[in-house]
Amino acid sequence: MSKIGFIGLGIMGRPMAGHLLDAGHELITVKRDKPLASELADKGMRELDSPAAVAEASEVVITMVPDTPDVEQVLFGEGGVIEGLQPGTLVIDMSSIAPLATQQFAQRIHEAGGEYVDAPVSGGEGGAINAALTIMVGATEEGFSRAKPLLDIMGKTITHIGGHGAGQTCKVANQIVVALTIEAVSEGLLFASRAGADVAKVRESLLGGLAQSKILDVHGERMIQRTFDPGFKIRLHQKDLNLALEGARSLNLALPGTANAQQLFQACVAHGGADWDHAGLVRALEALADHEIAK
């Protein structure tokens, strides 16, 4: 069993850490203003004062925080992981951040004597709770072999994409596909509803044909039931699409669908929806149509 530092106990991180505890690993985190969740504290998770202290006490450090600057602060800021990094420590970043920054972070951790793995995830809150996440890994062969037993505890589909940054590149591609599929489901259900069809039955029928997808299943249901409490917040998906569009500019690549989805997310934010679930994108299209697909 490993001593694991786990930094980032949000919607996704908390159940992920819980699975590691259930598997018998010893977990340490950074003390925050609010109390540690009881389901983690009751299983023996300990708190220390800084990421450096967590790293000093750990064989593995896992980060699961919102954005590139957050990872940089945790790893390299004052009292950061690098200050307490022990020789050979495995650092696994499971956040969704910029691929180029990831390569730079990996180099700095390597120079300090550690091993770096980027392992962003897909599957949302449900995937985290059910240990069914898809995990996209950028690492050396050695880093991947060391990380995989831990990733297997949290996820279902673990793929070594390539070297450092490749996992993050795959995650950006994933977020493009997810955003555009949410938009497609929104438009299809909006069309059916405005035309007078029973939108629930339309969704049921589509799930049996070529249009079927997990997003039509899960997020289509959210749209019909009007349940937009976040499994994955719009503002976080916006961040991921920003990474996609910034990368596209550097590659001289046009991503018009991605840009359009980003604008629809921005319309949601303008209406107070930054913390809606990303299925709430449908609300931007409903506003344009002056029609809701369901009440």
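Computed from a prediction, not measured in an experiment: that's the story for all the values here.

## What to know about the pairing of strand β2 (residues 26–30)
Judged by how many residues are buried, β2 sits mostly within the fold: four of five residues are covered. By the bridge criterion, three bridges tie strand β1 (residues 3–7) to β2 in an arrangement that is parallel. Bridge pairing in β2 places glycine 5 opposite isoleucine 28. Of the crossover connections in this fold, the one passing from β1 over helix α1 (residues 13–22) to the parallel β2 is right-handed.

## With respect to the nonpolar core
Phe6, Met16, Ile92, Met94 and Leu151 are the most contacted members of the largest nonpolar core, which has 33 residues in total. Elements with a contribution of two residues or more to this core: β1, α1, β4 (60–63), β5 (90–93), β8 (133–138) and α8 (141–154). Examining the composition of this core, we find that five residues originate from one element, α8, more than from any other. What leucine 151 contacts, discounting residues up to four positions off in sequence, is Ile92, Met94, Ala119, Ile135, Val137 and Ile158.

## Quick word on the packing of helix α10 (residues 199–206) against helix α11 (residues 214–225)
At their nearest, the axes of α10 and α11 sit 11 Å apart, and the two run at 180° to each other. In terms of their interaxial angle, α10 and α11 are classed as roughly antiparallel. Every residue of α11 that contacts α10 at Val199, Ala200, Arg203 and Leu206 is listed here: Leu216, Asp217, Gly220, Glu221 and Ile224. Of the residues contributing to the contact of α10 with α11, the split by class is five nonpolar, one polar and three charged.

## Quick look at helix α12 (residues 234–250)
Spanning 17 residues, α12 covers 24 Å between terminal C-alpha atoms, matching the ideal 24 Å at 1.5 Å per step. Listed in full, the buried residues belonging to α12 are Ile234, His237, Gln238, Lys239, Asp240, Leu241, Leu243, Ala244, Leu245 and Ala248. The secondary structure elements touched by the buried residues of α12 are α9 (166–194), α13 (256–270) and α14 (281–289). Note on α12: the residue one or two positions beyond its end, asparagine 252, has a positive phi of about 55°.

## Focus on the side chain of glutamine 238
Positionally, glutamine 238 belongs in helix α12. A residue is classified by how much of its surface remains accessible, and glutamine 238, at 11% relative accessible area, is buried. Leaving out residues up to four positions away in the same chain, glutamine 238 has contacts with Gln262, Phe265, Gln266 and Val269.

## Re the packing of aromatic side chains
Counted according to the given criterion, the structure contains one aromatic pair. Summarising the aromatic geometry, the rings of phenylalanine 76 and phenylalanine 105 are spaced 5.5 Å apart at their centres and angled 55° between planes, so their arrangement reads as tilted. Remark: phenylalanine 105 occurs in helix α6 (residues 99–111) and phenylalanine 76 occurs in helix α4 (residues 68–76); sequence separation between them is 29 residues. Given the relative accessible area of 14%, phenylalanine 76 is considered buried. Residue phenylalanine 105 is classed as buried on the basis of its relative accessible area of 4%. In this structure, arginine 108 packs its charged tip against the face of phenylalanine 76, placed 3.8 Å from the ring centre.

## A look at unusual backbone geometry
For asparagine 252, which is not a glycine, the phi torsion comes out positive at approximately 55°. Residue placement: asparagine 252 occurs in the loop between α12 and α13. By relative accessible area, which is 75% here, asparagine 252 ends up exposed. With a phi close to 50°, aspartate 290 is a non-glycine residue in the positive phi region.

## Here we look at α6
Every α-helical turn comprises 3.6 residues, leaving residues that sit three or four positions apart pointing alike. Between its first and last C-alpha atoms α6 spans 19 Å; for 13 residues at 1.5 Å apiece the expected length is 18 Å, and the two agree. Every buried residue belonging to α6 is among Ala101, Thr102, Phe105, Ala106 and Ile109, and all of these are buried. Taken around the axis of α6, the buried residues stretch over an arc of 140°, which confines them to a single face. Projecting away from the buried face of α6 at angles above 90 degrees are the exposed residues Leu100, His110 and Glu111. The secondary structure elements touched by the buried residues of α6 are α4, β5, β6 (115–118) and α9. With its phi angle positive at about 100°, glycine 113 sits one or two positions after the end of α6.

About the thresholds
- Residues numbered from 1 in each chain as written.
- Predicted model: local features only at pLDDT ≥ 70, side-chain atom pairs only at ≥ 80, totals over all residues.
- Heavy atoms only, no water.
- Buried < 20%, exposed > 50% of the residue type's maximum accessible area, 1.4 Å probe, protein only.
- Helix = DSSP H or I, 4+ residues; strand = E, 2+ residues; numbered from the N terminus.
- Pairing = 2+ DSSP bridges.
- Right-handed = clockwise from strand over helix to strand, strands pointing away.
- Core = buried A, V, L, I, M, F, W, Y, C linked by side-chain atoms within 4.5 Å.
- Contact = heavy atoms within 4.5 Å.
- Axes fitted to C-alpha atoms, helices over the stretch in contact; angles between N-to-C directions.
- Parallel < 35°, antiparallel > 145°, perpendicular 65-115°, else oblique.
- Nonpolar A, V, L, I, M, F, W, Y, C, P; charged D, E, K, R; others polar.
- Expected span 1.5 Å × (residues − 1).
- Phe/Tyr/Trp six-rings, centres within 6.5 Å; stacked < 30°, edge-to-face > 60°.
- Lys NZ or Arg CZ within 6 Å of the ring centre and 35° of its normal.
- Arc of directions from axis to C-beta.

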